[in-house]
Amino acid sequence: MRLLILLGFILLIVACEQTYTPKPRGYNRLSLPPREYVSLPDSLPYTFEISKAAKILRDSSYIAERYWIDLYYPDIKANIQITYKNLNKNTQFLKELVNDSYKLTSKHQIKAYAIEESVVRTPRGKTAVIAELEGEVPSQFQFFITDSTDNFIRGALYFRTSTKNDSLAPAIEYMKIDAMHMINTLEWKEPGSNKRDL
């Protein structure tokens, strides 16, 4: 009997020494929509091309103004918030908006391990200031464009998910390309040319 107990004990010890190999962590599967673009509706004082995959929503924040919109991508749970201000040739107001844009970007420095800013000239002759943020930040891409006299637009990319940014990398790159397409196709409209409300 003792021999059976000893043999059982040895088998138990040998069985417990099996090495465990953890399975690799899985990532969310992202289905990125095809790149097809359409123009914004006529109701805004600016126009650019947006993805057909994006839905145009009114900005629902309590500080939202008339021409502020969210471009929501339901397939990847991302949105680009667009805010617009009419400058009325007020250079002081322009300085405030530019300073606010830099402050909003710098708020992400706590979690960002890199913020790369660049100034680009679009094919349509506009100048845009772009900030690309890396790390576990809520906004990975921000920009502003102004004609310095009448119009100012600011945009910021956000994802409505708790998924880590390294897992979102393909979607972030996809959204950056779409945001750059918007920037490159931006045009200001003449005052009074808006035909209807959004």
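A few points on the structure. (Residues numbered from 1 in each chain as written. Predicted model: local features only at pLDDT ≥ 70, side-chain atom pairs only at ≥ 80, totals over all residues. Heavy atoms only, no water.)

What follows concerns the overall build of the protein. In terms of regular secondary structure, the protein is built from three helices and 11 strands. Secondary structure elements in the protein, listed N-terminal to C-terminal, are α-β-β-β-β-β-β-α-β-β-β-β-α-β. For the protein, buried positions account for 38% of its 198 residues. A separation of at least 24 residues holds for 55% of the contacts in the protein among residues at least 6 apart in sequence. (Helix = DSSP H or I, 4+ residues; strand = E, 2+ residues; numbered from the N terminus. Buried < 20%, exposed > 50% of the residue type's maximum accessible area, 1.4 Å probe, protein only. Contact = heavy atoms within 4.5 Å.)

Glancing now at the sheet that holds strand E8 (residues 127-135). One open sheet holds the seven strands; their spatial order is E4-E5-E6-E10-E9-E8-E7, and the pairing between them is antiparallel. Two strands lie at the open edges of the sheet, namely strand E4 (55-58) and strand E7 (112-121), each paired on one side alone. Averaged over all adjacent pairs, the angle separating strand axes in this sheet is 20°, with direction ignored. Inspection of the sheet shows strand E6 (residues 78-86) paired to strand E10 (residues 151-159) by nine bridges, in the antiparallel sense. Across the sheet, the residue bridging to Ile-80 is Leu-157, located in E10. (Pairing = 2+ DSSP bridges. Axes fitted to C-alpha atoms, helices over the stretch in contact; angles between N-to-C directions.)

The next point concerns helix H3 (residues 169-185). Between the first and last C-alpha of H3 there are 25 Å, a value that for 17 residues agrees with the 24 Å anticipated at 1.5 Å per step. Those residues of H3 that fall on the buried side of the exposure criterion are Ala-171, Ile-172, Tyr-174, Met-175, Lys-176, Asp-178, Ala-179, Met-182, Ile-183 and Thr-185. (Expected span 1.5 Å × (residues − 1).)

Turning our attention to the nonpolar core. Where a protein is soluble and globular, its nonpolar side chains tend to be buried together. Membership of the largest hydrophobic core comes to 33 residues, with the highest contact counts inside it found for Tyr-46, Phe-48, Leu-71, Ile-82, Phe-143 and Met-175. At seven residues, H3 tops the list of elements feeding residues into this core. Ignoring anything within four residues of it in the chain, the contact list for Tyr-46 reads Leu-40, Tyr-67, Ile-69, Ile-82, Tyr-84, Ile-153, Leu-186, Glu-187, Trp-188 and Lys-189. By size, the runner-up hydrophobic cluster in this structure holds six residues, among which are Leu-87, Leu-94, Phe-144 and Phe-152. (Core = buried A, V, L, I, M, F, W, Y, C linked by side-chain atoms within 4.5 Å.)

Once that is clear, we can look at the pattern of salt bridges. A complete count under the given rule lists nine salt bridges for this structure. Where Lys-176 meets Glu-173, a salt bridge forms, and the shortest distance between an N and an O atom there is 3.6 Å. Remark: Glu-173 and Lys-176 occur in helix H3; sequence separation between them is three residues, near one turn of the helix. With a relative accessible area of 11%, Lys-176 lands in the buried category. Through salt bridges with shared partners, a single network forms among Arg-124, Lys-126 and Glu-187. (Salt bridge = Lys/Arg side-chain N within 4 Å of Asp/Glu carboxyl O.)

All right, on to the pairing of E7 then. Side chains on a regular strand alternate between the two faces of the sheet. Bridging between E7 and E8 involves nine bridges; their strand directions are antiparallel. By the bridge assignment for E8, Ile-115 is matched with Leu-133. Here E7 folds back onto E8, and the loop between the two strands holds five residues, one of which, Gly-125, carries a positive phi near 85°.

Next up on the list: the environment of Leu-133. With respect to the element layout, Leu-133 can be found in strand E8. By relative accessible area, which is 3% here, Leu-133 ends up buried. Residues Leu-133 and His-108 lie 25 residues apart in sequence; the distance between their C-alpha atoms is 8.1 Å. Those residues in contact with Leu-133, other than ones at most four positions away along the chain, are Thr-105, His-108, Ala-114, Ile-115, Ser-139, Gln-140, Phe-141 and Gln-142.

This part covers unusual backbone geometry. The residue Lys-89 is not glycine, and still its phi comes out positive at about 60°. The topology assignment puts Lys-89 in the loop between E6 and helix H2 (91-106). When its relative accessible area of 58% is taken as the criterion, Lys-89 is described as exposed.

Taken as a whole and judged by the stated rule, the model has six aromatic pairs. With a centroid separation of 6.0 Å and 80° between ring planes, the pair formed by Tyr-67 and Tyr-84 is classed as edge-to-face. Separated by 17 residues along the polypeptide, Tyr-67 in the loop between E4 and strand E5 (69-73) and Tyr-84 in strand E6 bring together distant segments of the chain. Judged by relative accessible area, which is 5%, Tyr-84 ranks as buried. Residues Phe-144 and Phe-152 carry aromatic rings whose centres are separated by 5.5 Å and whose planes lie at 20° to one another, so their mutual orientation is stacked. (Phe/Tyr/Trp six-rings, centres within 6.5 Å; stacked < 30°, edge-to-face > 60°.)

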